[in-house]
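Fold and geometry: a report
Letter by letter, the chains look like this.
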Amino acid sequence: MDRPNWDEYFMEMAELARTRTTCLRRGVGAVIVKDNRVMATGYNGVPTGIEHCEERGCLREQMNVPSGKCHELCRGLHAEQNAIVQAAHLGQSIAGATLYCTNQPCIICAKMIINAGIKRLVVKEGYPDELAAEMLAEAGLAIEMIADLRKKK
């Protein structure tokens, strides 16, 4: 039996969350875990009750905005933001938690992750945002790649 370790298990949950995306450019999923229990999940998409990008179109696509730039020109929230907001909405403390995300966070999400008290970050894929990586490192949060963790298995 090839039983996944905890990191693989929760990353698969982040992958499943990714399938709910309404973003036309990149699907991202996130899961916040504390003591091996899921506290919140998130995927990138518009706020509740707002018309989806697949119906309205993508402003960033229309303006040819490159990945990792001008996040304020997006109608949606990132998966990490939605997971943090969901935890707050449910009254769940995520201080000391681990965030599993299918992509490295951007600078906006990195700042939220730091202030939310998340202590560990496991990602599947990189993202072109050096400032985010630098700030996470300065806060003592290493970006752990799931592929590297699997090699140690």
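The following refers to the structure shown. (Residues numbered from 1 in each chain as written. Predicted model: local features only at pLDDT ≥ 70, side-chain atom pairs only at ≥ 80, totals over all residues. Heavy atoms only, no water.)

In this section: the nonpolar core. If you look at the biggest cluster of nonpolar residues, it comprises 23 residues, and the most contacted ones within it are I32, I84, I94, L99, I113 and I118. Counting residues per element, the ones that place at least two in this core are strand 1 (29-34), strand 2 (37-43), helix 4 (79-90), strand 3 (98-103), helix 5 (107-116), strand 4 (120-125) and helix 6 (130-138). Beyond its immediate chain neighbours, meaning those up to four positions away, I94 contacts I32, M39, I84, A87, A116, G117 and I118. (Core = buried A, V, L, I, M, F, W, Y, C linked by side-chain atoms within 4.5 Å. Buried < 20%, exposed > 50% of the residue type's maximum accessible area, 1.4 Å probe, protein only. Helix = DSSP H or I, 4+ residues; strand = E, 2+ residues; numbered from the N terminus. Contact = heavy atoms within 4.5 Å.)

So, on to the side chain of T22. The topology assignment puts T22 in the loop between helix 1 (6-18) and strand 1. Among the residues examined, T22 registers a relative accessible area of 8% and is labelled buried. Of note is the side chain of T22, whose polar atom sits 3.5 Å from the side chain of H52. Contact partners of T22, with chain neighbours within four places excluded, come to N44, G45, V46, H52, C53 and E54. (Polar contact = N/O pair within 3.5 Å; in protein donor to acceptor, adjacent residues only side chain to side chain.)

All right, on to helix 5 then. The complete set of buried residues in helix 5 reads I107, C109, A110, I113 and A116. Contacts from the buried residues of helix 5 go to helix 4, strand 3 and helix 6. Backbone geometry just downstream of helix 5 places G117 in the positive-phi region, at approximately 85°.

For the structure shown, the criterion picks out 7 salt bridges. The partner of R120 in a salt bridge is D7, and the shortest N-O contact between them spans 2.9 Å. Of this pair, R120 sits in strand 4 while D7 sits in helix 1, placing them 113 residues apart in sequence. By relative accessible area, D7 is classed as buried at 13%. Two residues, K124 and E15, come together in a salt bridge whose shortest N-O distance is 2.8 Å. One end of the pair, K124, is in strand 4; the other, E15, is in helix 1, with 109 residues separating them in the sequence. For E15, a relative accessible area of 17% gives the class buried. Residues joined in a network through salt bridges with shared partners are E15, R18, K124 and E125. (Salt bridge = Lys/Arg side-chain N within 4 Å of Asp/Glu carboxyl O.)

Looking now at the sheet that holds strand 5 (residues 143-145). In space, the 5 strands of this open sheet follow the order 2-1-3-4-5, with mixed pairing throughout. Each having just a single partner strand, strand 2 and strand 5 make up the two edges of the open sheet. With direction set aside, neighbouring strand axes in the sheet form an average angle of 25°. As paired strands, strand 3 and strand 4 are joined by 5 bridges and run parallel to one another. Across the sheet, Y100 pairs through a bridge with V122, a residue of strand 4. Here helix 4 sits on the sheet in contact with strand 1, strand 2 and strand 3, set at roughly 130° to strand 2. (Pairing = 2+ DSSP bridges. Axes fitted to C-alpha atoms, helices over the stretch in contact; angles between N-to-C directions.)

As for its position among the elements, M145 is in strand 5. On the basis of relative accessibility, which here comes to 25%, the residue M145 falls in the partly exposed class. A C-alpha to C-alpha distance of 5.7 Å links M145 and K124, two positions 21 residues apart in sequence. If near-sequence neighbours (up to four positions away) are discounted, M145 is found in contact with V123, K124, E125 and G126.

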